[in-house]
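Coordinate analysis (summary)
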Amino acid sequence: MAKVVIFTFSVNHPPDSSFCLSLNFMSDKQIFTLQKVVASIKKTIDDRYSQTYWVKAEMHKLNRFPSGHCFPELAEKKDGKTVAQISGTIWKTVMDRVNTSFLKIAKEPVKEGSTMLFLVKITFSEIYGLSLHILDIDPNYSLGELQREKEETLKRLAKENLLNRNQQLKFPLLPKRIAVISAYTSKGLSDFMQVLQANEYGYSFYTHLFPAALQGDIASASIRKQLNRILTVKQYFDAVVIVRGGGGEVGLTCYNDYELCAAIANFPLPVLTGIGHSTNLTVAEMIAYTNGITPTELAEMFIRSFHEFAVPVEDAQKTIVRLSKRLLEETDEKLGHAQKLFLTIVKGAFSGHQKLLKETEVDLLKAYQDSKSERSTEIKLAIGRLVREAHFLLQNNKQSLNHLREKLKPNTERTLMRFEEKIALLAHNVELLSPQMVLKRGYSITRANGKVISKDNTVKKGDKIITFTHELEIESTVDCGESVRVESEE
Amino acid sequence: MSKEELSYDKAFEELQQIVRDMEEGEIGVDELSVKVKRASELIKICKTKLSSTEEDVSKILKGLE
């Protein structure tokens, strides 16, 4: 083994004279101890590489030991093939210092797989062999390297026409269903969810978490894996968000990774980022549908898009109410006009007819009065005639009456005289017939029981009778027998 | 078309169309009550969409397996 090593070195570096001497005596089987050989190598190397050198190499693996010391594998590749490789050593104190300056300047920890600029001293250990003792790593070189990688990603995306691919998607009117790529413990996730859930407008979002590593070397593959999962259920989602935060601004170069950026650009749903860092944008943020900067701002954007939907709905409602009212009012007004017009026409027609009616009435009255006055003249004439006639008749009758009266007067007086004479005679006769006069002439009246004795008032023996004469009243008692019926003289 | 089948995009578009028609005076009194009724339905759909959660989680998870 030692021989091979020595030989290898002899190609590049001519061995020193003492070593040559030893070789010259090989035929005499001069034997060296391993320690002597190794010591010789060490001396040679120490003498030859007494300086320190800046070496550009890719750190393939960091190989950090629990002690904190690292034994990275350094390599150089050309066209994908390793053309040089050597192991290195970084002591814990150096590693800690380098990491601090990297985080400060490059915003990235020392990262496996990237090309870095190492300050090295070529050392040879009797036990561990040759290695590059790394005294420092230049963060500014790494920063430039990261920038170059980022630009390469951008260039490649531009070439493949992917820069605006995701941004050209139509954003849903109402992004309700959100696939969230984040980590359970991420502060960014809790910020995002808190803003969505605590919105005061009562907007309701549906979110589903797709957990992924969010920084460092593994993030790109982890996020891409979740994007692929979402792809299988994309019909249930309106948008994808990648939220991260609270972890400081380091380890974000994964968001410049071409594979990740291409996956985002090609995703059929809008992918929104809120990975919460404020310096240079990563490529993922640049090509995402929208970059919300922080998860909180991203969540607020979602609420705004709900607003943008809700407000036009409110406006539409108001407009419909307003326009409906106006339409009804206009129609009402038109109807009112028509009604008024109709009324005016009807009134006009009515008053026309009324006027006509009045005129007719006047005409009629006039005609009536005319005819009445004509008739009254006739009546007057008739009355005149009647009066004259009556007057004439009266006059005639008066004359006849007068004539009759004239004739009646002497006749009447004569008749009256005759009646008076007759009456005087009658009165004398009546006087002659009075009972006193009869009694005077010698006649008497006999009464029994207060009544004149007659056939109806007879007397018998013992009855008292009263006889009235002209001057006497004679009371007698019947003595004999029967009353005899006397034949009347007449 | 039932309320469930009508997406908010379509509901919103139809609502906007009604508003445009009204603004352009293309809706007369005869249609007004029908259109206003439809609009109020659409508004209700849109507003419900803002505040409701309708997704079936199990369906999504099943799709993920």
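Residues numbered from 1 in each chain as written. Chains lettered and ligands numbered in written order. Predicted model: local features only at pLDDT ≥ 70, side-chain atom pairs only at ≥ 80, totals over all residues. Heavy atoms only, no water.

Residue and element names in this part refer to chain A. Applying the stated criterion to the full structure yields twelve aromatic pairs over all chains. Seen in terms of ring centroids, phenylalanine 71 and tryptophan 91 are 6.3 Å apart; in terms of plane orientation they differ by 90°. Their pairing is edge-to-face. Note that phenylalanine 71 is positioned in the loop between strand 1 (53–61) and strand 2 (73–78) and tryptophan 91 in the loop between strand 3 (81–89) and helix 4 (92–105), a separation of 20 residues in sequence. Between the aromatic rings of phenylalanine 205 and phenylalanine 302, the centroid separation amounts to 6.5 Å while the plane-to-plane angle is 85°, which identifies the pairing as edge-to-face. With phenylalanine 205 in the loop between helix 6 (187–197) and strand 7 (206–211) and phenylalanine 302 in helix 10 (residues 295–432), this residue pair connects regions lying 97 residues apart in the sequence. No difference in accessibility class separates phenylalanine 205 from phenylalanine 302, as the two residues are buried. Among the aromatic residues, ring-to-ring pairing joins Phe192, Tyr201, Tyr203, Phe205, Phe302 and Phe306 into one connected group. Of note, arginine 156 hangs over the ring of tyrosine 258, and the distance from its end group to the ring centre comes to 3.6 Å. (Phe/Tyr/Trp six-rings, centres within 6.5 Å; stacked < 30°, edge-to-face > 60°. Helix = DSSP H or I, 4+ residues; strand = E, 2+ residues; numbered from the N terminus. Buried < 20%, exposed > 50% of the residue type's maximum accessible area, 1.4 Å probe, protein only. Lys NZ or Arg CZ within 6 Å of the ring centre and 35° of its normal.)

What follows deals with the side chain of Ser131(A). All names here are of chain A. For serine 131, the position within the fold is in strand 5 (residues 129–137). One polar contact links serine 131 to threonine 89, side chain to side chain, over a distance of 3.3 Å. Residues contacting serine 131, with those up to four places away along its chain left out, are Ser87, Thr89, Lys121, Ile122 and Thr123. (Polar contact = N/O pair within 3.5 Å; in protein donor to acceptor, adjacent residues only side chain to side chain. Contact = heavy atoms within 4.5 Å.)

What follows concerns a nonpolar patch on the surface. Residues Ile379(A), Ile383(A) and Val387(A) make up a contiguous nonpolar surface patch of roughly 270 Å² in combined accessible area. By the element assignment, Val387(A) lies in helix 10. (Patch = residues over 30% accessible without salt bridge, like charges linked within 9 Å, V, L, I, M, F, W, Y side chains within 5 Å. Areas by Shrake-Rupley, 256 points an atom, 1.4 Å probe, with all protein chains shown as cover. Salt bridge = Lys/Arg side-chain N within 4 Å of Asp/Glu carboxyl O.)

Our next topic: the confidence of the model for chain B. All names here are of chain B. With 72% of its residues at a pLDDT of 70 or more, chain B has an overall mean of 76. Confidence, expressed as mean pLDDT per element, reaches its minimum in chain B at helix 3 (residues 57–64) with 61 and its maximum at helix 1 (residues 8–23) with 86. Scored by ipTM, the complex comes to 0.77, with pTM at 0.58. (pLDDT = per-residue confidence, 0-100.)

To continue, consider the interface of chain A and chain B. Every contact between the two is made by 33 residues of chain A and, on the other side, 31 residues of chain B. In total, about 2,800 Å² of surface goes out of reach between chain A and chain B, with carbon and sulfur atoms giving 74% of it. Its largest share of buried area at the contact with chain B, chain A owes to Tyr206(A), Tyr236(A) and Ile320(A), together 20% of the area lost on that side. Joining chain A to chain B, the criterion identifies one salt bridge. Here Lys47(B) makes a salt bridge to Glu314(A), at a shortest N to O gap of 3.0 Å. For the interface between chain A and chain B, the tally reads two residue pairs in polar contact (both at pLDDT 80 or more). Counting only elements with at least two residues in the side of chain A that touches chain B, the list comes to strand 7, helix 7 (219–232) and helix 10 of chain A. Examining the composition of the side of chain A that touches chain B, we find that 15 residues originate from one element, helix 10 of chain A, more than from any other. A breakdown of the residues in the side of chain A that touches chain B according to their chemical character gives 19 nonpolar, eight polar and six charged. (Buried area = accessible area lost by both parts, 1.4 Å probe. Nonpolar A, V, L, I, M, F, W, Y, C, P; charged D, E, K, R; others polar.)

Unfilled space is identified by rolling a water-sized probe across the atoms. Residue and element names in this part refer to chain A. Counted according to the given criterion, the structure contains two cavities of 30 Å³ or more. By volume, the second largest cavity amounts to about 60 Å³. Every residue along the wall of the second largest cavity is listed here: Phe102, Glu108, Pro109, Lys111, Ser114, Thr115, Met116, Ser142, Glu145 and Leu146. A total of three residues in the lining of the second largest cavity trace back to one element, the largest contributor, which is helix 5 (residues 139–159). The residue makeup of the lining of the second largest cavity, split by class, is four nonpolar, three polar and three charged. (1 Å grid on protein atoms, 1.4 Å probe; cavity = no way out; pocket = protein on both sides within 12 Å on 5 of 7 lines; lining within 4 Å. Points joined across faces, edges and corners; volume = space filled by probe spheres on them.)

What follows is about the sheet that holds strand 14 (residues 473–477) of chain A. All names here are of chain A. Within the open sheet, the four strands sit side by side as 12-11-13-14. Their pairing is antiparallel. Both outer strands of the open sheet, strand 12 (451–452) and strand 14, are each paired with one neighbouring strand and no more. Relative to strand 13 (residues 464–468), strand 11 (residues 445–448) is paired through four bridges, and the arrangement is antiparallel. Bridging across to strand 13, isoleucine 445 finds its partner in phenylalanine 468. (Pairing = 2+ DSSP bridges.)

On to the nonpolar core, then. Residue and element names in this part refer to chain A. Core analysis: the largest hydrophobic core is formed by 42 residues, its most contacted members being Phe192, Val241 and Phe302. Ranked by residue count, the leading element in this core is helix 10, at twelve residues. Aside from chain neighbours lying at most four places away, what touches valine 241 is Ile178, Ala179, Val180, Ile181, Phe192, Leu272, Leu298 and Phe302. (Core = buried A, V, L, I, M, F, W, Y, C linked by side-chain atoms within 4.5 Å.)

Moving on to the pattern of salt bridges. All names here are of chain A. Enumeration according to the criterion identifies 16 salt bridges over all chains in this entry. With a closest N to O distance of 3.6 Å, aspartate 96 and arginine 64 form a salt bridge. Residue aspartate 96 is located in helix 4, and its partner arginine 64 is located in the loop between strand 1 and strand 2; the two are separated by 32 residues in the primary sequence. Taking relative accessible area as the criterion, aspartate 96 reaches 30% and is therefore assigned partly exposed. Put simply, aspartate 238 and arginine 177 hold a salt bridge, and the shortest N to O gap is 2.8 Å. Of the two residues, aspartate 238 is situated in the loop between helix 7 and strand 8 (239–243) and arginine 177 in strand 6 (residues 177–182); the sequence distance between them amounts to 61 residues. As far as the burial class goes, aspartate 238 and arginine 177 line up, both buried. Residues joined by salt bridges that share partners form a network here, namely Arg64, Lys92 and Asp96.

Residue and element names in this part refer to chain B. Where helix 1 contacts helix 2 (residues 29–51), the axes come no closer than 9 Å and their chain directions differ by 145°. Note on packing geometry: the crossing formed by helix 1 with helix 2 is left-handed. Contact with helix 1, carried on its side by Tyr8, Ala11, Phe12, Glu14, Leu15, Ile18 and Met22, involves Leu32, Lys35, Arg38, Ala39, Leu42, Ile43, Ile45, Cys46 and Lys49 of helix 2 and no other residues of that element. Taken together, the residues of the contact of helix 1 with helix 2 break down into twelve nonpolar, no polar and four charged. (Axes fitted to C-alpha atoms, helices over the stretch in contact; angles between N-to-C directions. Left-handed = near helix turned anticlockwise from the far one by under 90°.)

With that settled, the discussion passes to the sheet that holds strand 9 (residues 271–274) of chain A. Residues and elements named next belong to chain A. Strands sit in the order 7-6-8-9-10 across an open sheet of five strands; the sheet is parallel. The strands lining the two open edges of the sheet, one partner per strand, are strand 7 and strand 10 (290–291). Across the sheet, helix 10 is in contact with strand 6, strand 8, strand 9 and strand 10; its angle to strand 9 comes to roughly 140°.

Let us now look at the confidence of the model for chain A. In the predicted model, chain A carries a mean pLDDT of 84, and 91% of its residues have values of at least 70. Scored below 50 in pLDDT, residues 1–17 of chain A shows twelve contacts in the model against residues more than four places distant or in partner chains.

All names here are of chain A. Among the five residues of strand 8, five are classified as buried, and the element is accordingly described as predominantly covered. Taking every second residue as pointing to the same face, both faces of strand 8 are buried, with Ala239, Val241 and Val243 on one and Val240 and Ile242 on the other. Here strand 6 pairs with strand 8 via four bridges, running parallel. Among the inter-strand pairings, isoleucine 181 is bridged to a residue of strand 8, identified as isoleucine 242. With four bridges joining them, strand 8 and strand 9 adopt parallel strand pairing. Its bridge partner lying in strand 9, valine 241 is registered against leucine 272.

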